[in-house]
Structure formats: structure tokens, C-alpha cells
Amino acid sequence: MDNYNIKPRLKWVDTAKGICILLVILYHTTEHIMDMSPAIRDMLRATRMPLYYTIAGLFVSIKSPQLFLNKKINRLIIPFCFFILLGNLVGYIKSVIDKTDFTYFSPLYYIITGDAAGKFINSPVWFLFSLYDVYLIFMLIEKISTYCGKYKTTAKIVFSLFAGFCGIRCNRMGIDLPFFLDSSLTATPFLIFGHIIMSRTAIFKNDYNRQLYLLISLVMIGISLFTASGDIDYRINNFKTTVFHVYFPAFTGVIGILMLTKVMGSIPIITKIGRYSIVYLGTHYLFFKDVRVFFETYISHQQVILIDLLTFSSSVIISMFLCWIFLKTVPFLIAQKDIIYIGKIERN
């Protein structure tokens, strides 16, 4: 991959990514803890995906549409295809071991039809395709807002809120749009939010009061924890709650977590996980149920919290091992090197 004009990584952003993916894995692997802690469960439902979209928006900019799209194909669509194929491979191996029938899953039907009831192997990677959608929506909003002169930033906010409204209306009317567009519309305000707070405000600049940021972050996280309520599922754009409970706990929780990671900076292991969070997203779901079955076989079912914690930690460790393997063997399939050449564009 060409390294022209690559800026130094911000450790606190990788830390935020690490916390984000760990929250995703925690939500998926600790079903009993989630059932016993409804407030934490509802907060994770409300914030974990918005945090991902917001982080994605922190440094988004379009200097060249071709360069922008090429980068997003390298970093999102190619890994999406790779992890779907990996899911099929794992599914086939499991079917051979269990001596059961295996049906190859192609994501095309699910993506094109928006069939939320369809069987989706390795379902967390839906986010990669959805994020690509949101980037396309961002390109459209960025283009339209250039005609608004000094009100460009206001226009971006208005258009993003309109996109979110359209996504919510799809949910309320039972409309499943193809290519995850309904989910992507609902999530657009978060990416625009990340873009604006990083490019138009000084909230996350180097000059800040650590004690004040720590206090505000804890207050914001507390507000999110207190206000989060209802079943929220961005993958199928399903929100069994009010619009207030979709967005308000998400925005407050996202701000709190980002400010907290800004204060903490680099955290060993977590920051490293964040740098390669796409691998953890694309691998943990493939085996955590088998890991759970293993622990349930040897540990009393009364020790459900222990089983949950062991399932969570083991899933992270296995993903960490797979990350190391993929970095050594197929870095161009996990967004670490580019397949589509963009070097000449970067030099211009």
C-alpha cells in the first residue's frame, strides 16, 4: 500500500475503536449478563453501532471522488466479501464435522432484497456494506451542501437528520430497502456528527482540560445509561422504541465514550485491537457459539456469568490469533493493503 500523505494515527481514536468492537463482542457473547443487566443491555443496543459510524466520520473528507470510492472499496467492500467467504468456509467445515447439510450462503439475495429474515452467515459484517452506503450518502450531502454557501455546515446537519428521518420511517412502515439502505439512512446522522465535531469544533483538539473532560464523559455515559430503552437493531433497521430513545442515548453515549478515550489515550491491547477492529468484527461471530457450548459442557449451568465471561474472553483471544494470521497472509483482504491501486491519485 502506498504511504503518500498518510497522517500519524491518533492513539485515542484506535482506543475508541477497540472499546467499540469489544462492546460489540460483549453484547454478542454474554447473553445471560445482558439479561441480568437490562440497563447495560439497552445502552449497548443504543450506542455500540452509532459509535462505529461516528468514529468513521471523524476524519472523512473528499479530495477526489475516485480516490474516496477506491479507498472505501479497499477498506470495506473487499473485507466484506472476504469475511462472507470465510463464514461459508467455516460453515462448511462445521457441517462436515457435525455430518449435517450445508447450504452455501450468497449475500447477494440478502443485500439486494433487504430480506431481514434471511439466513446471514457472519452477520456482523453487514456493517461494512452499510458504512459504504453511508459514505455514499455523505458524498451526496457534501455535494448538495456546497450550494448553501456559509450555511454549508447547517445544511449538512439538516440533510443528515432528514436521512435519519427517512430511515426511521422505513422501519415504521415496514419497508426493507436493498443494500442496507434503510439502516444506512438511519445511521447517517452519526457519521455527519463525527465529521462536524472533528472538522468544525475544537472538542477533540490537543488543548483540553483532562479533569473536565473526564467529568463530562462520565456524566454523558450516565445519561445514556439512564435514558436508553427499548429493542434497537441497526442490522435490520428495527427500532421498538421512540425516536428519542433511538438518537438521544446514542449521541450522549458516543460523546461520553469519545471524550473518555481522549482522556485515556493509548491503552495496551485495547488500542491494538482497535487498530485492527475490522478483523475482530469479521471473525468473532463465527465461533463464539461453539466456544459457549464447550464451556457449558464442562461448567455448571448455574455459573452462567462465568460461562459468559469465558466465552467473551476466549472469543477475543481467538480473534486476536486470527488477526495475527491474516496480517501475515492476506493483509490486502482485511483493509491493511490496497488491491485497487490509488497511489497516483494520492500523489496528485
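All values derive from a computational prediction rather than experimental measurement.

Basis of the calculations
Numbers given for residues are sequential positions, taken from 1 along each chain in its written order. Only residues with pLDDT of 70 or above have their local features reported here, since the model is predicted, and side-chain atom pairs are shown and tallied only from 80 upward, although totals for entire chains, interfaces and linings are computed over all residues. Excluded from the side-chain calculation are hydrogens and water; included are all heavy atoms of the structure. The helix count covers DSSP runs of H or I at least four residues long, the strand count covers runs of E at least two residues long, and both are numbered beginning at the N terminus. Helix span is expected to be 1.5 Å times the residue number reduced by one. Only protein chains enter the accessibility calculation, which uses a 1.4 Å probe. A residue is then buried if its area is under 20% of the maximum for its type, exposed if over 50%, and partly exposed in between. Note on definitions: a residue-residue contact is assigned when non-hydrogen atoms from the two residues lie within 4.5 Å. The rule is short: rings of Phe, Tyr and Trp, with Trp giving its six-membered ring, pair when the centres are within 6.5 Å, and they are stacked under 30 degrees, edge-to-face over 60, tilted in between. Ring-over charges, as used throughout, are those where CZ of Arg or NZ of Lys falls within 6 Å of the ring centre and within 35 degrees of the ring normal. Patches here: salt-bridge-free residues with over 30% relative accessible area, like charges joined within 9 Å, nonpolar side chains (Val, Leu, Ile, Met, Phe, Trp, Tyr) joined within 5 Å. The Shrake-Rupley method, run with a 1.4 Å probe sphere, supplies the accessible areas, and residue values consider only the shown protein chains as cover. Salt bridges are defined by distance alone: a side-chain nitrogen of Lys or Arg within 4 Å of a carboxyl oxygen of Asp or Glu. In this analysis, axes come from line fits to C-alpha atoms, helices being fitted only over the stretch in contact, and the angle between any two N-to-C directions falls in the range 0 to 180 degrees. Oblique is the label for any angle not under 35 degrees, not over 145, and not in the 65 to 115 range, which are roughly parallel, roughly antiparallel and roughly perpendicular in turn. Put simply, a crossing is left-handed when the front helix is turned counterclockwise from the back one by less than a right angle, and right-handed when it is turned clockwise. In this classification, Asp, Glu, Lys and Arg are treated as charged, Ala, Val, Leu, Ile, Met, Phe, Trp, Tyr, Cys and Pro as nonpolar, and every other residue, Gly included, as polar. By nonpolar core is meant a set of buried Ala, Val, Leu, Ile, Met, Phe, Trp, Tyr and Cys residues that side-chain atoms within 4.5 Å join together.

J.: Looking at this structure, I do not really get helix H14 (residues 304-329). What am I missing?
T.: One turn of an α-helix holds 3.6 residues; hence residues three or four places apart share an orientation. Along its 26 residues, H14 runs 37 Å from first to last C-alpha, staying within 8% of the 38 Å computed at 1.5 Å per residue. Where H14 is concerned, the buried positions are Ile307, Asp308, Thr311, Phe312, Ser314, Ser315, Val316, Ser319, Cys323 and Phe326. Residues of H14 that are buried make contact with helix H1 (11-29), helix H2 (31-36), helix H4 (65-98), helix H11 (270-275), helix H12 (277-283) and helix H13 (288-298).

J.: Explanation requested: the packing of aromatic side chains in the structure shown.
T.: How two aromatic rings sit relative to each other is set out by the distance from centre to centre and by the angle between their planes. If you walk through the whole model with that rule in mind, you get 22 aromatic pairs. Relative to Phe179, the ring of Phe129 lies with its centre 6.2 Å away and its plane at 15°, an arrangement referred to as stacked. Of this pair, Phe129 sits in helix H6 (residues 126-145) while Phe179 sits in the loop between helix H7 (152-172) and helix H8 (181-199), and the two are 50 residues apart along the sequence. Residue classification places Phe129 among the buried residues on the basis of a relative accessible area of 14%. Taking the relative accessible area as the measure of exposure, Phe179 reaches 35% and is therefore partly exposed. Every member of this aromatic cluster is reached through a ring pair, and the members are Tyr52, Tyr53, Phe80, Trp126, Phe127, Phe129, Phe179 and Phe180. For Arg48, the ring lying beneath its charged end belongs to Tyr27, and the centroid distance is 4.0 Å. In this structure, Lys72 packs its charged tip against the face of Tyr135, placed 4.3 Å from the ring centre.

J.: I would appreciate a short explanation of a nonpolar patch on the surface in the present structure.
T.: Together, Leu89, Tyr92, Ile93, Val96 and Ile97 give the surface a local cluster of nonpolar side chains, amounting to about 510 Å² of exposed area. Looking at the element boundaries, Ile93 is found in helix H4. Judged by relative accessible area, Ile93 falls into the partly exposed class, the value being 42%.

J.: Which parts of the structure should I look at to understand unusual backbone geometry?
T.: Phi is mostly negative for residues that are not glycine, and the peptide bonds are mostly trans. You will see that Phe180, though not glycine, has its phi angle at about 60°, which is positive. On the secondary structure map, Phe180 appears in the loop between H7 and H8. According to the relative accessible area criterion, Phe180 is buried, its value standing at 4%. The backbone of Asn237 shows a phi angle near 50°, a positive value even though the residue is not glycine. As for its position among the elements, Asn237 is in the loop between strand E1 (231-233) and strand E2 (238-240).

J.: Explanation requested: the pattern of salt bridges in the structure shown.
T.: Taken as a whole, this structure holds 9 salt bridges when the rule is applied. The partner of Lys152 in a salt bridge is Glu142, and the shortest N-O contact between them spans 3.4 Å. In this pair, Lys152 sits in helix H7 while Glu142 sits in helix H6, placing the two residues 10 residues apart along the sequence. Using a relative accessible area of 22% as the deciding quantity, one classes Lys152 as partly exposed. In this structure Glu142 comes out as buried when scored by relative accessible area, which is 18%. Between Glu142 and Lys156 there is a salt bridge, with the nearest N and O atoms lying 2.8 Å from each other.

J.: For this particular structure, what's the right way to read the packing of H4 against H6?
T.: In a pair of packed helices, the angle between the axes and the distance between the axes together describe the arrangement. Across the interface, H4 lies against H6 with an axial gap of 8 Å and an inter-helix angle of 165°. Considered as vectors, H4 and H6 are oriented roughly antiparallel to each other. Considering how the two elements wind past one another, H4 and H6 form a crossing that is left-handed. Judged by residue contacts, Pro65, Phe68, Leu69, Lys72, Ile73, Leu76, Ile77, Pro79, Phe80 and Phe83 of H4 engage Trp126, Leu128, Phe129, Leu131, Tyr132, Tyr135, Leu136 and Met139 from H6. Of the residues assigned to the contact of H4 with H6, the class counts are 17 nonpolar, no polar and 1 charged.

J.: Before we go on, may I ask you to explain helix H10 (residues 243-264) in this structure?
T.: Helix length check: H10, at 22 residues, gives a terminal C-alpha distance of 32 Å against a target of 32 Å (1.5 Å per residue), a fit within 8%. Positive phi shows up at Gly265, right after H10, with a value of about 70°.

J.: Please explain the nonpolar core as it appears in this structure.
T.: What tends to happen in soluble globular proteins is that the nonpolar side chains get buried as a cluster. By size, the foremost hydrophobic cluster in this structure holds 92 residues, and its most contacted members are Tyr53, Phe83, Phe127, Leu128 and Leu258. Per-element accounting of this core gives the leading share, 12 residues, to H6. Here Tyr53 is in contact with Trp126, Phe127, Ser130, Leu131, Val134, Ala187, Phe190 and Leu191, once residues within four sequence places are set aside.

J.: Just checking my understanding: could you explain the side chain of Ser217 for this structure?
T.: Within the element layout of this structure, Ser217 appears in helix H9 (residues 210-227). In this structure Ser217 touches Gly256, Met259 and Leu260, once residues within four positions along its chain are discounted.

J.: Honestly, the environment of Gly174 in this entry has me stumped. Any pointers?
T.: Mapped onto the elements, Gly174 comes out in the loop between H7 and H8. Residue Gly174 is classed as exposed on the basis of its relative accessible area, which comes to 59%.

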